[in-house]
2 protein chains.
Amino acid sequence: MAKIATTVYEQIRTAILNGELSNSERLVEEDLAVSLGISRTPVREALRRLAAEGLVDVSPNRGARVAEWDVHDLREIFDLRSILESHACELATPRASAAEIEFLENICTEMEELARTDLSSETRLPALAAKNRIFHSKIIEMSNSTRLGLLIETLIHVPIVMQTYKVYSPDALARSLRHHREIVNAMKAGDEVWASSVMRAHVLAAREEILGQGQTE
Amino acid sequence: MAKIATTVYEQIRTAILNGELSNSERLVEEDLAVSLGISRTPVREALRRLAAEGLVDVSPNRGARVAEWDVHDLREIFDLRSILESHACELATPRASAAEIEFLENICTEMEELARTDLSSETRLPALAAKNRIFHSKIIEMSNSTRLGLLIETLIHVPIVMQTYKVYSPDALARSLRHHREIVNAMKAGDEVWASSVMRAHVLAAREEILGQGQTE
DNA sequence: ATGCCAATCTTTGTATACAAATAGAGAAAC
DNA sequence: GTTTCTCTATTTGTATACAAAGATTGGCAT
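Since this is a predicted model, take the numbers as computed values, not measurements. (Residues numbered from 1 in each chain as written. Chains lettered and ligands numbered in written order. Predicted model: local features only at pLDDT ≥ 70, side-chain atom pairs only at ≥ 80, totals over all residues. Heavy atoms only, no water.)

The next thing to look at is the domain arrangement of chain A. Residues and elements named next belong to chain A. In terms of domain boundaries, chain A breaks down into domain 1 (4-66) and domain 2 (71-211). Taking only C-alpha atoms into account, the centre of domain 1 sits 29 Å from that of domain 2. Taken together, the contact pairs six residues of domain 1 with five residues of domain 2. Between domain 1 and domain 2, the buried area comes to about 490 Å², and carbon and sulfur atoms account for 59% of it. Between domain 1 and domain 2 we count zero salt bridges in total. Counting every contact that joins domain 1 to domain 2 gives one residue pair in polar contact (both at pLDDT 80 or more). Taken together, the residues of the side of domain 1 that touches domain 2 sort by class into three nonpolar, one polar and two charged. (Domains from an automatic or database assignment. Contact = heavy atoms within 4.5 Å. Buried area = accessible area lost by both parts, 1.4 Å probe. Salt bridge = Lys/Arg side-chain N within 4 Å of Asp/Glu carboxyl O. Polar contact = N/O pair within 3.5 Å; in protein donor to acceptor, adjacent residues only side chain to side chain. Nonpolar A, V, L, I, M, F, W, Y, C, P; charged D, E, K, R; others polar.)

As structure tokens, this is what we get:
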């Protein structure tokens, strides 16, 4: 059996990512420990790990709270993602196998089908968001750069917690899906400049959709 | 007084960065604890933090060793630094104050003076490396992007541990210093494209100096 | 002598106990 | 009523104790 600390780390982590813990909620070691039926030691270890990942903030002698982000954080994150994910595309393109391209195309198709379903469906947006994450993760994996993957991973969970996908307009969603298709086409053509440019545009478009334009600070 | 865990974290950290701990050396919690006159608990916390930072590797039930890197790691790191640090330049240029420009110019001058001193001096290279780090850190700080700084920081300590600066030829060193000057000039001119391009070239040149050219894998 | 297995010894993982620090409630002063 | 101060109650930080998992050494068989 895996270590308790790892298990509880994953539990708290997914709880935060699913938004089950309200923003800036205090995470008291003892409380978590008794509610999970374990001692404080592994809870403490889990919280420190989450802090290193940026999902919780800990102040000395004051304990941990689930982290909070503002518009400025989001702007920084999308800026960096636009750079790093486009670089991932650049690295992935010359390495892409036919099977990998097909995998990406299938996700595109699935997302397009999901987008055509009933707009009022509550599960539609989370499902799209999940597929979207798979699409991006796949390209990062294809880039074959461990560290690039790690860097992007630390950036990605903030938008997840904030559930930024909820603000997507139908137009923006359609554009996003066209971007995905275009990225795959560019990769299929072996054109890494094209692919990385579309990816950069894709992430920057998402930034503007979520943050609105203009605000400098 | 600061927390013991933080103190010991910093102690182990600087020990690793200074190369005082040999590569892949085991870090036994109990041993460290008694040698520092404390209990295992804060040592353990420090080691986990270092693991999150990538400076040590921990395997379940097997403990921690100081991390090890190979040529492939270095290649990834310099690739990413070339992108991220040039982005830092781009952000920093329109924000740069006269005082900050002057600060950077002073570092350039100090490094040039150091470079002119006796080649055989043992302390010359470490001193140059230290100034070099200050130069780069200053620009990152000027970029005013917390996260960008954090990302670069996790990349930077690997070359430090490996003491890559030791392989610099006199030619490479001279070029490196000219790059620094040119970066500052570009920033002074308010030309962020120029500045970021030189920075990118600067880091890529360092990569080739350290790794040699050609090897793809 | 060499390879393999078992017992032991070391080291990590978790629980508990205690000390130190902070937050919060309540009382006193204004 | 409001502010501030003190005392108490919570909560974190560290130490220690114990259990479980690995590493190691010695003996046994071949």
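The immediate surroundings of DNA strand D are formed by 21 residues, with R40 and R44 of chain A together with I4, S39 and T41 of chain B found nearest. Counting only the atoms of DNA strand D within 4 Å of the protein, the fraction contributed by sugar and phosphate is 67%. In the model, a phosphate oxygen of DNA strand D is placed 2.5 Å from a nitrogen or oxygen of the I4 of chain B main chain. With respect to DNA strand D, the side chain of T41 of chain B contributes an N or O atom lying 2.8 Å from a base nitrogen. Those elements giving two or more residues to the surface near DNA strand D turn out to be β1 (26-27) and α3 (40-53) of chain A together with α1 (4-17) and α3 (40-53) of chain B. (Near = heavy atom within 4 Å. Helix = DSSP H or I, 4+ residues; strand = E, 2+ residues; numbered from the N terminus.)

This next bit is on the relation of the copies chain B and chain A. Of the transformation placing chain B onto chain A, the axial shift is 0.1 Å and the rotation is 180°, giving an RMSD of 0.1 Å. The transformation relating the two chain copies, once decomposed into turn and shift, fits a two-fold axis. A shared binding surface is used by both copies, with 100% of the interface residues of chain B retained as interface residues in chain A. (Least-squares fit on C-alpha atoms with pLDDT ≥ 70 in both.)

All names here are of chain B. Counted according to the given criterion, the structure contains zero aromatic pairs over all chains. The ring centre of Y9 lies 4.4 Å from the NZ or CZ of R49, which sits over that ring. Above the ring of F103, the side-chain terminus of K138 is found at 4.9 Å from the ring centroid. (Phe/Tyr/Trp six-rings, centres within 6.5 Å; stacked < 30°, edge-to-face > 60°. Lys NZ or Arg CZ within 6 Å of the ring centre and 35° of its normal.)

Before going further, it helps to spend a moment on the nonpolar core. Grouped together as the largest cluster of nonpolar side chains are 115 residues, with contacts concentrated most on L84, I139 and M187 of chain A together with L84, I139 and M187 of chain B. Each residue touching L84 of chain B, except ones within four places of it in the same chain, is listed here: L80, L84 and L151 of chain A together with L148, L151, I152 and L155 of chain B. (Core = buried A, V, L, I, M, F, W, Y, C linked by side-chain atoms within 4.5 Å. Buried < 20%, exposed > 50% of the residue type's maximum accessible area, 1.4 Å probe, protein only.)

What follows deals with the protein's contact with DNA strand C. Near DNA strand C, the surroundings consist of 20 residues, among which I4, S39, T41 and R62 of chain A together with R44 of chain B are the closest. In DNA strand C, atoms within 4 Å of the protein come from the sugar-phosphate backbone in 69% of cases. Separating a phosphate oxygen of DNA strand C from a side-chain N or O atom of R62 of chain A is a distance of 2.7 Å. The side chain of R48 of chain B places a nitrogen or oxygen atom 3.1 Å from a phosphate oxygen of DNA strand C.

Turning to the sheet that holds strand β2 (residues 56-59) of chain A, a few remarks are in order. Residue and element names in this part refer to chain A. Here three strands make up an open sheet; going across it, the order is β1-β3-β2 and the pairing antiparallel. Pairing within the sheet leaves two strands with one partner each, and these edge strands are β1 and β2. Packing of α3 onto the sheet brings it into contact with β1, β2 and β3 (63-66), and relative to β2 it is tilted by some 110°. (Pairing = 2+ DSSP bridges. Axes fitted to C-alpha atoms, helices over the stretch in contact; angles between N-to-C directions.)

In this section: the pairing of β3 of chain A. All names here are of chain A. Taking every second residue as pointing to the same face, the buried face of β3 carries A64 and V66, while none of G63 and R65 on the other face is buried. Pairing between β1 and β3: two bridges, direction antiparallel. Following the sheet pairing, R26 is matched in β3 by R65.

Time to look at helix α6 (residues 124-142) of chain B. Residue and element names in this part refer to chain B. Taking 1.5 Å of rise per residue, 19 residues should cover 27 Å, and α6 covers 27 Å from first to last C-alpha, within 8% of that figure. Along α6, the residues classified as buried are R124, L128, A129, F135, H136, K138, I139, I140 and M142. Tucked into the core, α6 has its buried residues touching α4 (71-92), α5 (98-116), α7 (146-162), α8 (170-188) and α9 (192-211). Where α6 ends, the next residue or the one after it, N144, has phi of about 65°, a positive value. (Expected span 1.5 Å × (residues − 1).)

All names here are of chain A. The topology assignment puts R207 in helix α9 (residues 192-211). Using a relative accessible area of 16% as the deciding quantity, one classes R207 as buried. Through-space distance from the C-alpha of R207 to that of H72 is 11 Å; in sequence the pair is 135 residues apart. Setting aside chain neighbours within four positions, we find R207 in contact with R75, F78, D79 and G212.

Moving on to the interface of chain B and chain A. On the chain A side, the residues contacting the 23 residues of chain B number 24 residues. Each partner contributes to the roughly 2,200 Å² buried at the junction of chain B and chain A, and carbon and sulfur atoms together form 56% of this total. Linking chain B with chain A are eight salt bridges, by the criterion used here. Note that R44 of chain A and E45 of chain B form a salt bridge whose closest N and O atoms lie 3.4 Å from each other. Counting across the interface, chain B meets chain A through twelve residue pairs in polar contact (both at pLDDT 80 or more). Class assignment for the residues of the side of chain B that touches chain A results in eleven nonpolar, five polar and seven charged.

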